[in-house]
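# Structure assessment
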Amino acid sequence: MPHQPMPPKTPANDSQHLRQSLCNSLDQILITSDLGTRPLRWPMLEKESRALNALARIMADEPLQLVDTLLQTALELCHADTAGLSVLETTADGEQVFRWTHLAGVLKDYVGGATPRNHSPCGVTLDRNAPQLFKYPGRYFHYFNDVSTPIVEGLVIPLVGENPSGTIWIVSHNDRTRFDMEDVRIMTSLAAFTGSALRMIHLLESERTARHNAEEEAANRKRTEITLRESEEFTRRILDSSSDCIKVLDLDFHLKYISPFGMKLMEVDDFSHCENADWRSFWQEADRPAVLAAVEQALAGGIGTFHAFCPTMKGTPKWWDVVVTAMKDGEGRVVKLLSSSRDVTERKRMELQQQQSIEKFETLADSMPQMIWTARPDGFLDYYNQRWFDYTGLTLKETQGWGWKQTQHPEDVQGTVDKWMISLATGEPFENEMRFLRASDQTWRWHFTRAVAVRGEHGKVVQWVGTCTDIHDRKNAEESLRQAQAELEERVERRTAQLRQEVTVRRQAEQDLRTLTGRLLTLRDAEQRRIARDLHDSAGQLLTATSMSLALVTNEASKIGPDAVEALAEATQLVQETIKEVRIVSHLLHPPLLDEAGLPSAIKEYVEGFSQRGDVKVDLFVRDDFGRLPIELETTVFRVIQECLTNIHRHSGSPTARVTLRRLPQEVQIEVADKGKGFAAEKPPGVGLRGMRERIGQFGGELEIHSDNSGTTISARLPLAKTSIQRRTA
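As the structure is a computational prediction, the values presented were derived from the model and not from experiment.

Calculation rules
Residues numbered from 1 in each chain as written. Predicted model: local features only at pLDDT ≥ 70, side-chain atom pairs only at ≥ 80, totals over all residues. Heavy atoms only, no water. Axes fitted to C-alpha atoms, helices over the stretch in contact; angles between N-to-C directions. Helix = DSSP H or I, 4+ residues; strand = E, 2+ residues; numbered from the N terminus. Parallel < 35°, antiparallel > 145°, perpendicular 65-115°, else oblique. Contact = heavy atoms within 4.5 Å. Nonpolar A, V, L, I, M, F, W, Y, C, P; charged D, E, K, R; others polar. Left-handed = near helix turned anticlockwise from the far one by under 90°. Pairing = 2+ DSSP bridges. Buried < 20%, exposed > 50% of the residue type's maximum accessible area, 1.4 Å probe, protein only. Core = buried A, V, L, I, M, F, W, Y, C linked by side-chain atoms within 4.5 Å. Right-handed = clockwise from strand over helix to strand, strands pointing away. Disulfide = S-S within 2.5 Å. Phe/Tyr/Trp six-rings, centres within 6.5 Å; stacked < 30°, edge-to-face > 60°. Lys NZ or Arg CZ within 6 Å of the ring centre and 35° of its normal. Salt bridge = Lys/Arg side-chain N within 4 Å of Asp/Glu carboxyl O.

## Thoughts on the packing of helix α2 (residues 45-61) against helix α3 (residues 66-78)
- Running from N to C, α2 and α3 point in directions that differ by 170 degrees, and their axes come no closer than 9 Å. Between α2 and α3, the angle is such that the two are roughly antiparallel. Of the residues in α3, those in contact with Lys47, Glu48, Ala51, Leu55, Ile58 and Met59 of α2 are Leu66, Thr69, Leu70, Thr73, Glu76 and Leu77.
- In the contact of α2 with α3, the residues fall into seven nonpolar, two polar and three charged.

Below, the structure written as structure tokens:
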């Protein structure tokens, strides 16, 4: 509320509520744009005329009471609860504030208080130099919450002038009173009257003071003359600062004075060119009755007003709002007329543009095949194009507001209302499909309705524009398509079920084949183990015995001839080579260390023998603590490494190879790499690769092959089954 201490008050409950909903943004309380959307009420011209006449009489008879009477008039004409006049002044501390010089209504006890220039509704209004409307200003200007009665709405009008130094304002203290453009018009008129009246009061008061001082004391005449000149200069500065065209006329309507800004508005370069011109001749013939009526009203002690067209001295077209008042001397006699004209050309141009836009929109809407409509921000439908009336057979009166519901199918009404209310609350576009009754054949037809919000200042919704497009034929086509699609989906589902059954059968067959392959591999390993043992136990022992016999015979070599000795030596060598080959074949069929010492030892022995037998140097990387694996898994790992090294020896031409064996918590990893010539990836896999894939697949493992002209790398991963390690028995 006021910037300076005010009379103590006890805050009401409403004020406490305001404190609980304070905000930090001016835009949350500034609702000036709402003025254009609120319904206009009819002006009370007769009551307003009587009030202005009373103000004119007060100005002539008791000018010091003029402002208080004017504020009381504002309360009555605008149904406000409080009205006030704020004048900009600079305090002793150098701070600019708005002083509440006059108050009327509920807050009249706060007269003399002040609000800061840079944080107040009056400051916002002067910065924008236009009327401003505030909603619960105490939520942003927190000092307003110190009053006993909360301020609900406040309409603030700048005083007339190029650099206005004050405002006139009205407020309401209840939610029932909402200000509109009629209040703006009334308050703007009172603001113009206030500015002009205050200037005239200063002028007349100065003249009265000068006459009184001259009659009272001749010795003070010089001081009185100085005071008069200062007063006249002050009045002239006020007139010079006005943003209106201020003219002074004699009683014969001859022009005696034009304010500097008025000369600029009228494009007058030299006042002498129009001095003593007949003011009535400025106006068009059609407007002169209104001009003379305003003059007559001013001469009768009232305030005359009219709106008319008058070009400038250079022919520039302009529209004006004009106020005519009478100037009186100390005896109350009318001595001159004061005309204050406000340039409203831009407003008139905007009104004409708006009217043209409306006419253009209606022409465009009537030419479209869709039904077009508009609605207010609260959802009240206020316009339809001709297509709507032709289709529904109803009038605007029957369907405006919420009357459109009678044109919809009863089953669609509630859903439409629910979606419409959501869009009104959120500002999001409205979209819905609904059925409208066509009057020509009384049939229900589907329409797609869409509406978007038109936003004004600060993004606030000011209007809704919507269309209704006939989609009945499309809906029928969609229904036919849905039926065809449903039939197709049913056929696809039946065929899919058949395919699933076929896939299940095929997968079962593949599983059976894998099981059979696994069994065959297991049987082959078992057979190789048996053959290896037989070779070792039978053929190996026989060959050893033969070798021993040959050794005995060799000891008796002196008893036989040279040829027999040579043959015996050759036979001994052949037997040794045969024993070696049997041992190799036995190891290849099934290394005995695989059962006795485990996988790492068996692979080390095999790699050493492989390197000795061939021309490929093999590097083996395996940890000593590798441990034991299940029997079948150890056999599979050994066979994969064995097959990889065999392929390197046969096909790669690589001089070296690298074997890496890792055991992780969840799997065993094998990697065999060479630096040979590689092979094409698209080449069908050989028997060896297919065998490796089958072995690894038995354990759910994976085999990857990367090969190019720099070498081949084969990687395998076999998951560790959660079973205890089985030890092979002899």
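## Points about the packing of helix α16 (residues 599-613) against helix α17 (residues 631-652)
- Interaxial distance between α16 and α17 falls to 10 Å at its minimum, and their mutual angle equals 15 degrees. One way to sum up the angle between α16 and α17 is to call them roughly parallel. At the point where α16 passes α17, the crossing takes the right-handed sense. Contact residues: α16 offers Leu599, Ala602, Ile603, Tyr606, Val607 and Phe610, while α17 offers Glu634, Val637, Phe638, Ile641, Gln642, Leu645, Thr646 and His649.

## Comments concerning the sheet that holds strand β19 (residues 667-674)
- Within the open sheet, the five strands sit side by side as β17-β18-β19-β21-β20. Their pairing is mixed. A single partner strand is all that each edge strand has here, and the edge strands are β17 (617-622) and β20 (702-708). Adjacent strand axes in the sheet meet at a mean angle of 10 degrees when their direction is disregarded.
- Summarising the sheet, β19 and strand β21 (residues 711-719) pair through seven bridges and their orientation is antiparallel. When the sheet's bridge partners are listed, Val668 is paired in β21 with Leu718.
- Its contacts with the sheet place α16 against β17 and β18 (656-663), and it is angled at close to 170 degrees to β17.
- Docked against the sheet, α17 engages β17, β18, β19 and β21, running at close to 10 degrees with respect to β19.

## Quick notes on unusual backbone geometry
- One non-glycine residue, Tyr136, lies in positive phi territory at about 45 degrees.
- Within the secondary structure layout, Tyr136 lies in the loop between β4 (132-135) and β5 (153-158).
- Of note, the phi angle at Phe253 is positive, near 70 degrees, even though the residue is not glycine.
- On the secondary structure map, Phe253 appears in the loop between β7 (245-249) and β8 (255-258).
- According to the relative accessible area criterion, Phe253 is buried, its value standing at 11%.

## Regarding the nonpolar core
- Ranked by size, the top nonpolar core spans 35 residues in total, and within it Leu155, Ile168, Ile170, Met187 and Leu190 carry the most contacts.
- Elements with a contribution of two residues or more to this core: α2, α3, β1 (82-90), β5, β6 (166-172) and α5 (181-216).
- If one sorts the elements of this core by residue count, α3 sits on top with eight residues.
- Discounting chain neighbours no more than four positions away, the residues touching Leu190 are Leu52, Leu55, Leu70, Ala74 and Ile168.
- Residues Ile603, Leu633, Leu689 and Met692 belong to the second largest nonpolar core, which totals 34 residues.

## Some words on the pairing of β17
- Summarising the sheet, β17 and β18 pair through six bridges and their orientation is parallel. Counterpart to Val618 in the pairing with β18 is Ala657.
- You can see the chain leave β17, run along α17 and come back into β18, and the turn it takes is left-handed.

## As for the sheet that holds β1
- With antiparallel pairing, six strands are arranged side by side in an open sheet as β3-β2-β1-β6-β5-β4. Each edge of the sheet is formed by a strand with only one pairing partner; in this case those strands are β3 (114-116) and β4. The mean angle between the axes of side-by-side strands here comes to 25 degrees, regardless of whether they run parallel or antiparallel.
- In the sheet, β1 pairs with strand β2 (residues 96-105) via nine bridges, with the strands oriented antiparallel.

## Comments concerning the environment of Leu364
- Tracing the backbone shows Leu364 in helix α9 (residues 345-367).
- Each C-alpha atom, one on Leu364 and one on Asn385, is 9.2 Å from the other, the two residues being 21 residues apart in sequence.

## Considering the state of the cysteines
- Throughout the structure, instances matching the rule amount to zero disulfides.
- Cys310 forms no disulfide, and the closest cysteine sulfur to it belongs to Cys245, at a distance of 8.8 Å.
- You can call Cys310 buried: its relative accessible area is 3%.

## Describing helix α4 (residues 121-128)
- Counting buried residues in α4 gives six out of eight residues, a clear majority hidden from the surface.
- Residues of α4 that are buried: Pro121, Cys122, Gly123, Val124, Thr125 and Leu126.
- In this structure, the buried residues of α4 make contact with β1, β2, β4, β5 and β6.
- Following α4 by one or two positions, Asn129 has its phi on the positive side, about 50 degrees.

## Here's the deal with the packing of aromatic side chains
- Taken as a whole, this structure holds 19 aromatic pairs when the rule is applied.
- For the pair Trp283 and Phe306, a centre-to-centre distance of 5.2 Å together with 85 degrees between the ring planes defines the contact as edge-to-face. Linking Trp283 in the loop between α7 (260-265) and α8 (288-299) with Phe306 in strand β9 (residues 304-309), this pair joins segments that are 23 residues apart in sequence.
- Ring geometry for Tyr384 versus Trp388: centroids 4.4 Å apart, planes at 15 degrees, classification stacked.
- Grouped by ring-pair contacts, the aromatic residues Phe134, Tyr140, Phe141, Tyr143 and Phe144 constitute a single cluster.
- Across the ring face of Trp320, the terminal group of Lys247 is positioned such that the distance to the ring centre comes to 6.0 Å.
- One cation-aromatic arrangement involves Lys348 over Trp319; the distance from NZ or CZ to the ring centre is 4.4 Å.

## Observations regarding the pattern of salt bridges
- Enumeration according to the criterion identifies 34 salt bridges in this entry.
- Here Glu346 ties to Arg349 by a salt bridge, and the two come within 2.1 Å at their closest N and O atoms. Of the two residues, Glu346 and Arg349 both sit in helix α9, three residues apart, roughly one turn of that helix.
- A single salt-bridge network, built from bridges that share partners, covers Glu433, Arg474, Lys475 and Glu478.

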